[in-house]
Amino acid sequence: MIDPIHQFNIDKIFTIGHIGNQEIAFTNSSAYMFISVALISLLMIGGVAGRQLVPGRIQSMAELSYEFVANTIRSSAGPEGMKFFPLVFSLFMFIMISNLIGIIPYTFTVSSHIIVTVALALLVFFTVLIYGFYKNGLKFFNLFVPAGIPIVILPLVVLIEIISFLSRPVSHSVRLFANMLAGHITLKVFASFVTMLGAFGVVGWAGAVLPLGLTVALTALELLVAFLQAYVFTILTCIYINDAIHPGH
């Protein structure tokens, strides 16, 4: 039997050093993070190095990526949100590229681990929190007091808004982690059906047609999910940034 969870194992490649009794290791997760950053750098730096008037394929991909994220920020957080473009663009490209790499057989999906998605979500959360107080001061608390709420139910609404705000990192991280984890497990299960049925000869090959078709369909779906989850994470980031820029709106 093929273990569908095995693909998520974090394996040590070499030891970097120790802090006290804690070993600091370079793992397969670290390696695929570096690969993702290298591919993004190759696309964005190499793609626009020539700055052709009529862009080629790589330059077009780089420009489309830039414009897509820029338009997302402008539509969600307004022109003032463009000051956060480096952060939002980095998050979008890192999540999307690492998700796409993870679909390749025998690779590793970085965002399938909750520790990675939590780190990204907390980065967004504290960025919003710090900038919100920096720009608005105590007026940032207007975020928890929606306009037009009757005074009778105001304390309850404020409590709900505070709980909702503090739970943002949880929903922000779990959504990405759960979708990537579940999708890859499902894909691995159906792919294992193909190999197991294939071991029974001609009859097994005939029976493997259905799981093979489902595997191909799921792979196409996972390609779509890889992009959608990066987009959802990005659009939520833009919405949260808009709250820091315009609290109470």
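S.K.: What's the story with the overall build of the chain in this structure? I'm lost.
M.R.: Across its full length, the chain carries eight helices and two strands. Ordered by position from N to C terminus, the α and β elements of the chain give β-β-α-α-α-α-α-α-α-α. The buried share among the 249 residues of the chain stands at 39%. Pairs at least 24 apart in sequence give 68% of the contacts found in the chain among residues at least 6 apart. For the chain, the accessible surface area stands at approximately 14200 Å², while carbon and sulfur atoms represent 73% of it. Each charge sign in the chain was given a centre, from 10 positive and 9 negative side chains, and these centres are 8 Å apart.

S.K.: Before we go on, may I ask you to explain the environment of Ile 16 in this structure?
M.R.: With respect to the helices and strands, Ile 16 occurs in strand E1 (residues 12–19). For Ile 16, a relative accessible area of 56% corresponds to the exposed category. Taking the C-alpha atoms as reference, Ile 16 lies 6.4 Å from Phe 26; in sequence the two are ten residues apart. Contact partners of Ile 16, with chain neighbours within four places excluded, come to Ile 24, Ala 25 and Phe 26.

S.K.: What's the story with the nonpolar core in this structure? I'm lost.
M.R.: One recurring pattern in soluble globular proteins is that nonpolar side chains are buried together. One finds Val 69, Val 88, Met 93, Ile 95, Phe 233 and Ile 241 to be the most contacted residues of the largest nonpolar core, which totals 45 residues. The set of elements that each furnish at least two residues to this core consists of helix H1 (28–47), helix H2 (57–77), helix H3 (85–103), helix H4 (114–136), helix H6 (168–198) and helix H8 (209–245). Sorting elements by how many residues they give to this core places H3 first, with eleven residues. In contact with Val 88, other than residues within four places in its own chain, are Val 69, Ile 73, Thr 234, Thr 237, Cys 238 and Ile 241.

S.K.: Any chance you could explain the environment of Leu 123 here in plain terms?
M.R.: Position of Leu 123 relative to the elements: it lies in helix H4. Measuring from C-alpha to C-alpha, the distance between Leu 123 and Ile 241 comes to 12 Å, with 118 residues separating the pair along the chain. Discounting chain neighbours no more than four positions away, the residues touching Leu 123 are Leu 87 and Leu 91.

S.K.: Please explain H2 as it appears in this structure.
M.R.: Helix length check: H2 (21 residues) gives 30 Å between terminal C-alpha atoms against 30 Å at 1.5 Å per residue, within 8%. Residues Gln 59, Ala 62, Ser 65, Val 69, Ala 70, Thr 72, Ile 73, Ser 76 and Ala 77 constitute the buried set of H2. The inward-facing, buried residues of H2 abut H1, H3 and H8. Of the residues trailing H2, Gly 78 is marked for its positive phi of about 80°.

S.K.: Is there a simple way to explain a nonpolar patch on the surface in this structure?
M.R.: A cluster of nonpolar residues, Ile 13, Phe 14, Ile 16, Ile 19 and Ile 24, forms a patch on the protein surface that exposes about 500 Å² of accessible area. It is E1 that contributes the most residues to the nonpolar patch, four residues altogether.

Calculation notes
Residues numbered from 1 in each chain as written. Predicted model: local features only at pLDDT ≥ 70, side-chain atom pairs only at ≥ 80, totals over all residues. Heavy atoms only, no water. Helix = DSSP H or I, 4+ residues; strand = E, 2+ residues; numbered from the N terminus. Buried < 20%, exposed > 50% of the residue type's maximum accessible area, 1.4 Å probe, protein only. Contact = heavy atoms within 4.5 Å. Areas by Shrake-Rupley, 256 points an atom, 1.4 Å probe, with all protein chains shown as cover. Lys, Arg positive; Asp, Glu negative; His and termini not counted. Charge placed at Lys NZ, Arg CZ, Asp CG, Glu CD. Core = buried A, V, L, I, M, F, W, Y, C linked by side-chain atoms within 4.5 Å. Expected span 1.5 Å × (residues − 1). Patch = residues over 30% accessible without salt bridge, like charges linked within 9 Å, V, L, I, M, F, W, Y side chains within 5 Å. Salt bridge = Lys/Arg side-chain N within 4 Å of Asp/Glu carboxyl O.

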